[in-house]
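# Coordinates in review
For reference, the chains in residue letters:
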Amino acid sequence: MKCKYEKLMSPVKVGNVMLKNRIINTPHDIHFIQGSEPWPTEAVILWLAERAKHGCALINVSGIGVRKVPGPGHMWAWDMTDGHTQHYLSQLTDAIHFYGA
């Protein structure tokens, strides 16, 4: 029997990046697990890593601005200029890459 989506699980090259399959995690607003912290929380890291663990080749993060945060209490903004935030973003990247996404 022929599969309707026979190429879904086949690798694809996008620019210089080879994706393990054609499954892409659609962008989600993750406000339900992200508080006012200007870095990705452990809950966010685990939630996105689960998407990679279950087969997504490309993980999109949406609803979060990556910029200098003007002050405390500004939800959905990760301060890329802060070393603490960079540490958590590195953890996020490592967790996603661990599962091959």
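These notes cover the structure that comes with them. For clarity, every value in this text was computed on a predicted model and none was experimentally measured. (Residues numbered from 1 in each chain as written. Predicted model: local features only at pLDDT ≥ 70, side-chain atom pairs only at ≥ 80, totals over all residues. Heavy atoms only, no water.)

## Comments concerning the pattern of salt bridges
- With the rule as written, the count across this model stands at one salt bridge.
- The salt bridge involving E50 is made with K53; its shortest N-O contact spans 4.0 Å. Pair noted here: E50 and K53 are both in helix α1 (residues 42-53), with a separation of three residues, about one helical turn.
- Judged by relative accessible area, which is 32%, E50 ranks as partly exposed. (Salt bridge = Lys/Arg side-chain N within 4 Å of Asp/Glu carboxyl O. Helix = DSSP H or I, 4+ residues; strand = E, 2+ residues; numbered from the N terminus. Buried < 20%, exposed > 50% of the residue type's maximum accessible area, 1.4 Å probe, protein only.)

## Observations concerning the nonpolar core
- Counting residues in hydrophobic clusters, the biggest one holds 14 residues, and the most contacted among them are L48, I59, W78, L92 and I96.
- At the level of elements, α1 and α2 (83-98) are the ones that each hand at least two residues to this core.
- Top contributing element to this core by residue count: α1, with five residues.
- In this structure, L92 is in contact with P40, I45, L48 and W78, ignoring residues within four places of it in sequence. (Core = buried A, V, L, I, M, F, W, Y, C linked by side-chain atoms within 4.5 Å. Contact = heavy atoms within 4.5 Å.)

## Some thoughts on the environment of N60
- Relative to the assigned elements, N60 resides in the loop between β4 (58-59) and β5 (65-66).
- Residues N60 and N25, spaced 35 residues apart in sequence, show a C-alpha to C-alpha distance of 5.8 Å.
- Residue contacts for N60: discarding those within four places in its chain leaves I24, N25, T26, P27 and L48.
- There is a polar contact of 2.7 Å between the side chain of N60 and the backbone oxygen of N25. (Polar contact = N/O pair within 3.5 Å; in protein donor to acceptor, adjacent residues only side chain to side chain.)

## Digging into α2
- Between the first and last C-alpha of α2 there are 22 Å, a value that for 16 residues agrees with the 22 Å anticipated at 1.5 Å per step.
- Where α2 is concerned, the buried positions are T85, L89, L92, A95 and I96. Within α2, the buried residues cover an arc of 120° as seen down the axis, which keeps them to one side. Turned more than 90 degrees off the buried face of α2, the exposed positions are H97 and F98.
- A positive phi of about 85° marks G100, the residue just after α2. (Expected span 1.5 Å × (residues − 1). Arc of directions from axis to C-beta.)

## Here we look at the packing of aromatic side chains
- Inspection of every chain in the model, using the stated rule, returns two aromatic pairs.
- An angle of 90° between the planes, with centres 5.0 Å apart, marks the rings of F98 and Y99 as edge-to-face.
- Residue class for F98 comes out exposed when judged on its relative accessible area of 65%.
- Judged by its relative accessible area of 31%, Y99 is partly exposed.
- Between the NZ or CZ atom of R51 and the centre of the ring of W47, over which it lies, the distance is 4.6 Å. (Phe/Tyr/Trp six-rings, centres within 6.5 Å; stacked < 30°, edge-to-face > 60°. Lys NZ or Arg CZ within 6 Å of the ring centre and 35° of its normal.)

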